[in-house]
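# Survey of secondary and tertiary structure
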Amino acid sequence: MPLSTDFKQRLYPRLPEIARHFGTPFHIYDEKGIRDTGASLKAAFTRAAGFKEFFAVKALPNPKIMAIMTSMGFGFDCSSGPELLLARQVGTLPDNILFTSNNTSPDDFAVALANGGCILNLDDISLVAKTPVMPELICFRYNPGERRSGNAIIGNPVEAKYGVSHEQIVDAYRLAIGRGAKRFGLHCMLASNELNYHYMVETVRMLLDVVALVGQALSIRFEFINIGGGLGIPYRPEQEALDIRALGRESVEFLQGFVDKYGYAPALYMESGRYMTGPHGTLVTTAINRKEIYRTYIGVDACMSSLMRPGIYGAYHHIDVVGKENSREKEVVDVVGSLCENNDKFAIQRELPKVADGDLLVIHDTGAHGQAMGFNYNGKLRPKELLLRQDGAVELIRRAETVADYFATLDFENDIMLR
């Protein structure tokens, strides 16, 4: 959705000065907005005993952002060895790190089990035998198959590469118990950017049903269920926000029903990334060219290396032209970068205020899967990241990539395996 009025009021008057000081393009994140969202999330689930958010590192893997999450009492969901190392770098304890990968390599297992380990969330029944040491606490990612529908981003669960099937789930825990597991959790993630809270409540109900099934079959109790990430944000102005309070309220009702039937309930975990940071980040870029051919193109100094989502998903990101938000002089344009790809477009046939070279464009909702999905095709370099702190200061929290960074992996000792 468009940036919050509060964020705009604190950011926009200062953007020309910030741009002069740091140079464009850059992503800038709002500490106050992130903290406010974290507080609202905790408030929505205050009646769910043991509730915990594990921030999805893949959404915004920056230590400064992760330190904010830590200060709110959140853990981290990691999908690779480097993400695990990032979580440990900010001082995260093992029980606050969830490792969910797929096709997990021996190297990643080694990192996951080092330094006190973490909560290991296995994606496949075959990984039980491949885990070098079975932790006492184990979790499996559940794929319900045809029992549920996915959404447009993740797709049909039957076609998804993720998770243990319904038919395998009891055996998966049985095998883990045989290798020494004594504590248990259950995980599932079926949707991405989901705005319908009913879908997420249904995931709570489904997981509790599976907990009952496995618990009765193997005479075990579950410490937690994890409904995954997938909480959505309204990228388009006309979209309604997800009703987080209703999600919390109805989830607690299912948990209480489980208590009434079985005498206990597992804690509720989730691993929101986009929901926590997406609306609280923006990509600021400068208009550097106007091209008039069959369409009008506004060229900017950012490209897909700064934000892939529009190019690969056709995703919508709202755009403001700083200082011209109330202008009546409009035009329909494509906003494009300099990459040698025709899908290097931030907006297609979008009505915007008339843009001149030097104008600052603010591309909304880049606080998740923006910088994190960057790449170096065409030798393009990823931009810097800034934090608008609660005290009003603007801090550089990641420098821009340099040409030296680009060439760094070409600096190595010669290594030839002879015939």
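The paragraphs below set out a description of the structure included in this document. These figures come from a predicted structure and were not determined experimentally.

## Here we look at the packing of aromatic side chains
For any pair of aromatic rings, the description consists of the separation of the ring centres together with the inter-plane angle of the planes. Scanning the entire structure with this criterion turns up ten aromatic pairs. Plain terms: the ring middles of Y173 and F184 are 6.1 Å apart, the flat faces sit at 75 degrees to each other, and that makes the pair edge-to-face. One end of the pair, Y173, is in helix 8 (residues 169-178); the other, F184, is in strand 8 (residues 183-187), with eleven residues separating them in the sequence. Assessed through its relative accessible area of 3%, F184 is described here as buried. Between F258 and Y262 the ring centres are 4.6 Å apart and the planes differ by 40 degrees, which places this aromatic pair in the tilted class.

## So, the packing of helix 5 (residues 81-89) against helix 6 (residues 106-113)
Across the interface, helix 5 lies against helix 6 with an axial gap of 9 Å and an inter-helix angle of 15 degrees. Looking at the two axes, helix 5 sits roughly parallel to helix 6. With respect to the hand of their crossing, helix 5 and helix 6 are arranged in left-handed fashion. Two secondary-structure elements touch here, helix 5 through G81, L84, L85 and R88 and helix 6 through D108, V111 and A112. Residue classes in the contact of helix 5 with helix 6 are distributed as four nonpolar, one polar and two charged.

## Examining unusual backbone geometry
For the peptide bond that leads from T24 to P25, omega is 0 degrees, which places it in the cis range. Relative to the helices and strands, P25 resides in the loop between helix 2 (15-22) and strand 1 (26-30). In this structure, S219 takes a positive phi of about 55 degrees despite not being glycine. Mapped onto the elements of the fold, S219 is located in the loop between helix 9 (197-218) and strand 9 (224-226). Of the residues examined, S219 reaches a relative accessible area of 67% and is grouped as exposed. The phi dihedral of D365 is positive, around 60 degrees, even though this residue is not glycine. As for its position among the elements, D365 is in the loop between strand 16 (360-363) and strand 17 (384-388).

## Notes on the pairing of strand 14 (residues 330-336)
Burial analysis of strand 14 places five of its seven residues in the buried class, the great majority of the element. Pairing analysis gives three bridges linking strand 12 (residues 296-300) to strand 14, with the strands arranged parallel. By the bridge assignment, Y297 is partnered in strand 14 with D334. Alignment of strand 14 against strand 15 (residues 345-353), held across six bridges, turns out to be antiparallel. For V335, the partnering residue across the bridge sits in strand 15 and is A347.

## Topic: the side chain of R309
Position of R309 relative to the elements: it lies in helix 12 (residues 309-313). There is no salt bridge for the buried R309, and the closest opposite charge comes from D365, which lies 7.7 Å off by N-O distance. Looking at R309, its side chain comes within polar contact range of the side chain of H317, at 2.8 Å. For R309, the residues in contact, after removing those within four places along its chain, are Y235, R274, G314, A315, H317, A368, H369 and M373.

## Considerations on the pattern of salt bridges
Counting across every chain of the model gives 24 salt bridges. Note that R35 is salt-bridged to E31, the shortest N-O span being 2.9 Å. Residue R35 and its partner E31 are located together in helix 3 (residues 31-44), separated by four residues, close to a single helical turn. We note a salt bridge from R290 to E292, for which the minimum N-O separation is 3.0 Å. R290 sits in the partly exposed class, given a relative accessible area of 26%. One connected set of salt bridges, linked through shared partners, spans D6, R10, D30, K32 and D36.

What counts, and at which threshold
- Residues numbered from 1 in each chain as written.
- Predicted model: local features only at pLDDT ≥ 70, side-chain atom pairs only at ≥ 80, totals over all residues.
- Heavy atoms only, no water.
- Phe/Tyr/Trp six-rings, centres within 6.5 Å; stacked < 30°, edge-to-face > 60°.
- Helix = DSSP H or I, 4+ residues; strand = E, 2+ residues; numbered from the N terminus.
- Buried < 20%, exposed > 50% of the residue type's maximum accessible area, 1.4 Å probe, protein only.
- Axes fitted to C-alpha atoms, helices over the stretch in contact; angles between N-to-C directions.
- Parallel < 35°, antiparallel > 145°, perpendicular 65-115°, else oblique.
- Left-handed = near helix turned anticlockwise from the far one by under 90°.
- Contact = heavy atoms within 4.5 Å.
- Nonpolar A, V, L, I, M, F, W, Y, C, P; charged D, E, K, R; others polar.
- Pairing = 2+ DSSP bridges.
- Lys, Arg positive; Asp, Glu negative; His and termini not counted.
- Salt bridge = Lys/Arg side-chain N within 4 Å of Asp/Glu carboxyl O.
- Polar contact = N/O pair within 3.5 Å; in protein donor to acceptor, adjacent residues only side chain to side chain.

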